[in-house]
Amino acid sequence: MKKYIALVLALVCVLGLVGCSDKNMTFDIGTANKINIKSGLTGDEVNIADNEFIQSITENINSLRFEKTSKVNGKVGYAYMLTWFDTEDNQIARITITEENGYQISHDGYYYKVGADLCIDTELIDEMLNIALSSAPAE
């Protein structure tokens, strides 16, 4: 079953990267039960298992139009890295959000610029990161 799900996800990713350059890229996170958020600005990192938040942030990303702009060459800084995990802690999807040229994402080795009339809700990401950090037990 895991191999079938992995094959379907791989196929969806490949099909999402092929075709016309202006498209909706979607992330199938139906089995996600955790999202890891890492701030490239502060180095803070949290895991959030709140289904409502996972759905909200995924819907925001999936509602955007992306234009494939260029191949990622080398390491580049980022504002946020979002990684979705399934119930067995296997990675489902990962994107990085960069501040370069306005907010854009990098995914599977390419940059995707967000359509001019839309934006990634980085305030929601930052707010959830701060809430998770403030509610974490002190070490």
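Cut-offs and rules
Residues numbered from 1 in each chain as written. Predicted model: local features only at pLDDT ≥ 70, side-chain atom pairs only at ≥ 80, totals over all residues. Heavy atoms only, no water. Helix = DSSP H or I, 4+ residues; strand = E, 2+ residues; numbered from the N terminus. Buried < 20%, exposed > 50% of the residue type's maximum accessible area, 1.4 Å probe, protein only. Contact = heavy atoms within 4.5 Å. Axes fitted to C-alpha atoms, helices over the stretch in contact; angles between N-to-C directions. Parallel < 35°, antiparallel > 145°, perpendicular 65-115°, else oblique. Left-handed = near helix turned anticlockwise from the far one by under 90°. Nonpolar A, V, L, I, M, F, W, Y, C, P; charged D, E, K, R; others polar. Patch = residues over 30% accessible without salt bridge, like charges linked within 9 Å, V, L, I, M, F, W, Y side chains within 5 Å. Areas by Shrake-Rupley, 256 points an atom, 1.4 Å probe, with all protein chains shown as cover. Salt bridge = Lys/Arg side-chain N within 4 Å of Asp/Glu carboxyl O. Lys, Arg positive; Asp, Glu negative; His and termini not counted. Charge placed at Lys NZ, Arg CZ, Asp CG, Glu CD.

Of the regular secondary structure elements, the protein holds 3 helices and 8 strands. Helices and strands in the protein line up, N terminus first, as α-β-β-β-α-β-β-β-β-β-α. In the protein, which comprises 139 residues, the share counted as buried stands at 37%. In the protein, the share of contacts with a sequence separation of at least 24, taken over all contacts with a separation of at least 6, comes to 63%.

The description of two packed helices rests on the angle between their axes and on the distance between the axes. It is the contact of helix α2 (residues 51-62) with helix α3 (residues 122-135), at a shortest axis distance of 10 Å, that shows an interaxial angle of 155°. Overall, the two elements α2 and α3 adopt an arrangement that is roughly antiparallel. Like other packed secondary-structure pairs, α2 and α3 cross with a definite hand, here left-handed. Along its contact with α2, which presents Phe53, Ser56 and Ile57, the element α3 presents Leu124, Ile125 and Met128. Its residues assigned to classes, the contact of α2 with α3 comprises 5 nonpolar, 1 polar and no charged.

This next bit is on a negative patch on the surface. A cluster of like negative charges, contributed by Asp121, Glu123, Asp126 and Glu127, occupies part of the molecular surface. As for its position among the elements, Glu123 is in helix α3. Take Glu123: its relative accessible area is 66%, and that puts it in the exposed class.

This part covers the pattern of salt bridges. For the coordinates displayed, the defined rule picks out 1 salt bridge. In this structure, the salt-bridge partner of Lys34 is Asp89, at a minimum N-O distance of 2.7 Å. Of this pair, Lys34 sits in strand β2 (residues 32-39) while Asp89 is found in the loop between β5 (80-86) and β6 (91-98), placing the two residues 55 residues apart along the sequence. The buried category is assigned to Lys34, whose relative accessible area is 19%.

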